[in-house]
Amino acid sequence: MKAFKTLGLLALALALTPATWALPKIKILATGGTIAGTQASPADAGYKPGTISVADLISSVPQLRNVAELSGEQVANIASQNMSHEIWLKLATRCNAVLADDDVDGVVITHGTDTMEETAYFLSLVVKSDKPIVLVGSMRPATAMGADGPINLYNAVALAAHPAAKGRGPLVLINDTIHYAREVQKTHTTRTDTFQSPNRGIAGIMNTGRVFFYSANTTRHTTRSEFSLYGLTVANLPRVEIVYSYVNFNGDTIDALVAKGVRGLVLAGVGDGNTSDAALAALARAAKAGVAVVRCSRTGSGIVDRNIEVNDDQLGFIAGLELSAPKARILLMLGLTQTNDLKKLQQYFSEY
Ligand code: ASP
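What you see is a predicted model, and the numbers here were worked out from it, not measured in a lab. (Residues numbered from 1 in each chain as written. Predicted model: local features only at pLDDT ≥ 70, side-chain atom pairs only at ≥ 80, totals over all residues. Heavy atoms only, no water.)

**A look at the overall build of the protein**
Per the secondary structure count, the protein includes 10 helices and 14 strands. Over its C-alpha trace the protein gives a radius of gyration of 23 Å, about what one expects of a compact globule, namely 20 Å for 352 residues. Expressed along its principal axes, the backbone C-alpha trace of the protein runs to roughly 85 × 50 × 35 Å. Counting over 352 residues, the protein shows a buried share of 50%. On the protein, roughly 16000 Å² of surface is accessible, and the fraction owed to carbon and sulfur atoms is 54%. (Helix = DSSP H or I, 4+ residues; strand = E, 2+ residues; numbered from the N terminus. Rg over C-alpha atoms; globule rule 2.2 N^0.38 Å. Buried < 20%, exposed > 50% of the residue type's maximum accessible area, 1.4 Å probe, protein only. Areas by Shrake-Rupley, 256 points an atom, 1.4 Å probe, with all protein chains shown as cover.)

Okay, structure coming up:
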């Protein structure tokens, strides 16, 4: 009888506990972007990204309170075309610190869509945690007709709170779709379905907070990455630049960048990482001078493999394999903090 009474009291206590009692604790690190942007009037084409604070973002979606216990921190408030190495280091440092806290179950990063794929990939290489990290943005500002920010933010928080999001590295959530950091690319200037994962496909989908994963991430990231923030500063990140190939490209920009002292060059080549004979000769000169040269493609998808039309062995080049040129730049920068060995650098491109 006494046991029943105790159980009854316990049930009553549980019933009266606030709804947040058992909710996962999610930290929102805000950096700006259109999701935090406003326009003068909903019919107005012009708008300004990075104008709404993280506190206002959270309170604009009251349904979030049913999904997680939230706290927010403003890391930056910029349009992501102005994302910088400096903010990356700050953001990655905050991710590491926040995720090391037993009281935090996952992180959501609000971010502009223009460079979100680069930030996601950088974080995937240097953040040391298995806990969910979800980057989210929107294509339409908060004040637009049919704003997509609120549902994206709701899904992102639900994803970061979900145990299935653990151990996958940073995820990008937008337009009901989950992408892996290494795969995702913005492919359209304005449409809400702009984000695609053209090579290996999407990670999964979401339906108003419900999570469905379709595939595993088999590449190296976060806790299995040999890169870290240790000793990394804006000043000692090796300078790596991208050169873009097109008809009549004469390669002058390659020589100019080498004269500037770059440590690495990434070719956004035509087709299968190709470029004109003149540019190829300039890249070969760069490689001979000790600059690490990676060949990628401007096509947006596919694999640039070694020694197909270009003899990488002979010219001393690295093949970018599945990475887009902007992501190859990030991997090469971090790679060059570890080694100048071409074989080792090539291996990074197979693993990360
Ligand atoms: N230019 C904006 C940004 O990247 C676009 C967006 O967020 O969708 O910050």
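**Structural notes on helix α3 (residues 85-100)**
Compared with an ideal rise of 1.5 Å per residue, which puts 16 residues at 22 Å, α3 spans 22 Å between its outermost C-alpha atoms and is within 8% of the ideal. Looking at α3, one finds that the buried residues are I87, W88, L89, L91, A92, C95, V98 and L99. Its buried side turned inward, α3 meets β1 (25-32), β2 (69-78), β3 (106-110), α4 (116-126), β4 (133-136) and α9 (325-336). (Expected span 1.5 Å × (residues − 1). Contact = heavy atoms within 4.5 Å.)

**What to know about the environment of D176**
In this structure, D176 sits in the loop between β5 (171-174) and β6 (177-180). Considering only alpha carbons, one finds D176 and V211, 35 residues apart in sequence, at a separation of 9.5 Å. Residues within four places of D176 in sequence aside, it is in contact with I151, N152, N155, I205 and M206. Within polar-contact distance, the side chain of D176 engages the side chain of N155 at 3.2 Å. (Polar contact = N/O pair within 3.5 Å; in protein donor to acceptor, adjacent residues only side chain to side chain.)

**Remarks on the pattern of salt bridges**
Taken as a whole and judged by the stated rule, the model has 14 salt bridges. Residue R191 is joined to D193 by a salt bridge in which the shortest nitrogen-to-oxygen separation is 2.8 Å. The class of R191 is partly exposed, set by a relative accessible area of 47%. On the basis of relative accessible area, D193 is assigned to the partly exposed category, the value being 28%. Its salt-bridge partner being R239, residue E241 comes within 2.7 Å of it at the nearest N-O pair. (Salt bridge = Lys/Arg side-chain N within 4 Å of Asp/Glu carboxyl O.)

**A word on the side chain of T119**
The residue T119 is located in helix α4 in this model. A distance of 2.8 Å separates the side chain of T119 from the side chain of W88, its partner in a polar contact. Only 2.8 Å separates the side chain of T119 from the side chain of H111, close enough to count as a polar contact. Filtering out sequence-adjacent residues up to four positions away, T119 remains in contact with M83, W88, L91, H111 and L135.

**Topic: the confidence of the model for the protein**
Residues of the protein with pLDDT of at least 70 account for 93%, and the chain-wide mean is 94. Low pLDDT (under 50) marks residues 12-20, which in the prediction has three contacts with non-local residues, meaning those over four places away or in another chain. (pLDDT = per-residue confidence, 0-100.)

**Looking at the packing of α9 against helix α10 (residues 342-351)**
Packing of α9 against α10 leaves a shortest axis separation of 10 Å and a crossing angle of 135 degrees. In terms of orientation, α9 lies oblique with respect to α10. Between α9 and α10 lies a crossing of right-handed hand. Contact residues: A328, L331, L332, G335 and L336 in α9; L345, Y348 and F349 in α10. Among the residues forming the contact of α9 with α10, the class breakdown is seven nonpolar, one polar and no charged. (Axes fitted to C-alpha atoms, helices over the stretch in contact; angles between N-to-C directions. Parallel < 35°, antiparallel > 145°, perpendicular 65-115°, else oblique. Left-handed = near helix turned anticlockwise from the far one by under 90°. Nonpolar A, V, L, I, M, F, W, Y, C, P; charged D, E, K, R; others polar.)

**Overview of the sheet that holds strand β9 (residues 204-207)**
Read from one edge of the open sheet, eight strands run β2-β1-β3-β4-β5-β6-β9-β10, paired in mixed fashion. The open sheet has two free edges, formed respectively by β2 and β10 (210-213), since each of these has just one partner strand. This sheet shows a mean twist of 25 degrees between the axes of neighbouring strands, independent of strand direction. Relative to β10, β9 runs antiparallel, the two sharing four bridges. Across the sheet, M206 pairs through a bridge with V211, a residue of β10. The sheet strands contacting helix α5 (residues 149-160) are β1, β2, β3, β4, β5, β6, β9 and β10, and the helix crosses β3 at an angle near 155 degrees. (Pairing = 2+ DSSP bridges.)

**What about the sheet that holds strand β13 (residues 292-297)?**
Strand order in the open sheet formed by four strands is β11-β12-β13-β14, with parallel pairing between adjacent strands. Each having just a single partner strand, β11 (240-244) and β14 (318-319) make up the two edges of the open sheet. Both β13 and β14 contribute to a ladder of two bridges, which runs parallel. Across the sheet, the residue bridging to R295 is A319, located in β14. Docked against the sheet, helix α6 (residues 252-259) engages β11 and β12 (264-269), running at close to 170 degrees with respect to β11.

**Some remarks on the packing of α3 against α4**
Packing of α3 against α4 brings their axes to within 10 Å, and their N-to-C directions diverge by 50 degrees. By the criterion of interaxial angle, the relationship of α3 to α4 is oblique. In the packing of α3 onto α4, the handedness of the crossing is right-handed. Residues W88, L89, L91, A92 and N96 of α3 pack against E118, T119, F122, L123 and V126 of α4. Of the residues in the contact of α3 with α4, the class split is seven nonpolar, two polar and one charged.

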